[in-house]
Amino acid sequence: MENMEDFEGIKRIKNTNNFSTEFIYNCLKQYEKAIGTVELEANTIIADVAGKYEIEIFLNNDSIVVQRRIEEGKKEDKINFGEELKSVDMSQADRMVEQIYDFLKTLSLDGKSKEPITGVKKIFYVKQKEGTFRNAFTVTTENGEEVYEIKGNKILKEFVVNNIKAKRKDVTIQFENYEQGKFTIVKSPYTVVKLQKQENIKNLFTAKVDGKKIEVRADYSGNHYQVEVKNIVVGAIDSLNDKTKDSYRIEINSLDYEYLIVALTVIVDLDYEI
């Protein structure tokens, strides 16, 4: 269980470079804007991430441990892991555990890492509209301002993402080959992303954009998704109702891939009487 690759909320990595707690702390402190407040308490690093959880990083024999814990005075979420919907707070913490873990895995002696930690720049909410066909969505900001409208066309087998402010079509999502797990995201003028759905839910989709590998990973419940481009987190998708699959909260870590996160939200649970 040394690497604990498949565990959610706790990771352990062999400290092959014999990093000290102080060295790790100084490296993580540089990413405080993305992580949240980073403090050193005794021999433990505490990262106060968004929500009611925090992350502790400490040395244990020849390993580095990164794990989620509840903040003092807060109530822990009680769920059946792998079955029930995790809270957004827990999902955010688990994703940061993953990011810190990946950061440390590729951390070198000069304090640089191949997988830098990214923070959330925008938060949107995606809601399926009521109606006969239930194939339309609205995307709003945290303040309720509509930014995108998404409409599906069963005949053409596609969804169109319209930018409300700019009054233009931003993205087309083609799903004519959805039965083979194939989807295509087209962003004008030249970006084409061909997605292949995997049987392994932990690695739900793979694709390439501009020669860079895209991976969409899900948690064990299949309700929370992390999106990486070239092993760097660019966004995340949280289902807000695991029964109806009609509402989501999405995080945009890289504005360059906002279109990708919005489009993926529509197809991660695609089942709209198509």
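Just above sits the structure.
Rules of the game
- Residues numbered from 1 in each chain as written.
- Predicted model: local features only at pLDDT ≥ 70, side-chain atom pairs only at ≥ 80, totals over all residues.
- Heavy atoms only, no water.
- Helix = DSSP H or I, 4+ residues; strand = E, 2+ residues; numbered from the N terminus.
- Rg over C-alpha atoms; globule rule 2.2 N^0.38 Å.
- Contact = heavy atoms within 4.5 Å.
- Areas by Shrake-Rupley, 256 points an atom, 1.4 Å probe, with all protein chains shown as cover.
- Lys, Arg positive; Asp, Glu negative; His and termini not counted.
- Charge placed at Lys NZ, Arg CZ, Asp CG, Glu CD.
- Buried < 20%, exposed > 50% of the residue type's maximum accessible area, 1.4 Å probe, protein only.
- Pairing = 2+ DSSP bridges.
- Axes fitted to C-alpha atoms, helices over the stretch in contact; angles between N-to-C directions.
- Polar contact = N/O pair within 3.5 Å; in protein donor to acceptor, adjacent residues only side chain to side chain.

**Details of the overall build of the protein chain**
Argument step 1. Tallying secondary structure elements over the protein chain gives four helices and 17 strands in all.
Argument step 2. For the protein chain, whose C-alpha radius of gyration is 19 Å, the value lies close to the compact-globule estimate of 19 Å for 274 residues.
Argument step 3. When its C-alpha atoms are laid out on the principal axes, the protein chain stretches across 60 × 40 × 35 Å.
Argument step 4. Within the protein chain, counting contacts between residues at least 6 apart in sequence, those at least 24 apart form 40% of the total.
Argument step 5. Within the structure as shown, the protein chain displays about 13,800 Å² of accessible surface, and the carbon and sulfur contribution to it stands at 46%.
Argument step 6. Of the side chains in the protein chain, 41 bear a positive and 47 a negative charge, and the two mean positions are spaced by 5 Å.

**Points about helix α4 (residues 258–267)**
For an α-helix, the turn length of 3.6 residues means that residues three or four places apart are oriented alike.
Argument step 1. Taken across its 10 residues, α4 has 10 buried, putting it largely inside the fold.
Argument step 2. Taken as a whole, α4 has its buried residues at Glu258, Tyr259, Leu260, Ile261, Val262, Ala263, Leu264, Thr265, Val266 and Ile267.

**Topic: the sheet that holds strand β3 (residues 44–48)**
Adjacent strands of a sheet form backbone hydrogen bonds with each other and so pair up, either parallel or antiparallel.
Argument step 1. Taken together, the five strands give an open sheet; going across it, the order is β1-β5-β4-β3-β2, and neighbouring strands pair in antiparallel fashion. With one partner strand each, in any of the chains shown, β1 (10–14) and β2 (37–41) form the two edges of the open sheet. Looking at each pair of strands side by side, their axes are set apart by 20 degrees on average, direction ignored.
Argument step 2. Bridge count between strand β4 (residues 53–60) and strand β5 (residues 63–70): eight bridges; the pairing is antiparallel. Across the sheet, Glu56 pairs through a bridge with Gln67, a residue of β5.
Argument step 3. This element, helix α1 (residues 21–29), spans β2, β3, β4 and β5 of the sheet and lies at about 165 degrees to β2.

**Structural notes on the side chain of Ser113**
Argument step 1. Topologically, Ser113 is positioned in the loop between α3 (88–105) and β6 (122–128).
Argument step 2. With a relative accessible area of 18%, Ser113 lands in the buried category.
Argument step 3. Side-chain polar atoms of Ser113 contact the backbone oxygen of Phe103, separated by 2.9 Å.
Argument step 4. A distance of 3.1 Å separates a polar atom in the side chain of Ser113 from the backbone nitrogen of Glu115.
Argument step 5. Not counting chain neighbours up to four residues away, the residues in contact with Ser113 comprise Asp102, Phe103, Thr106 and Leu107.

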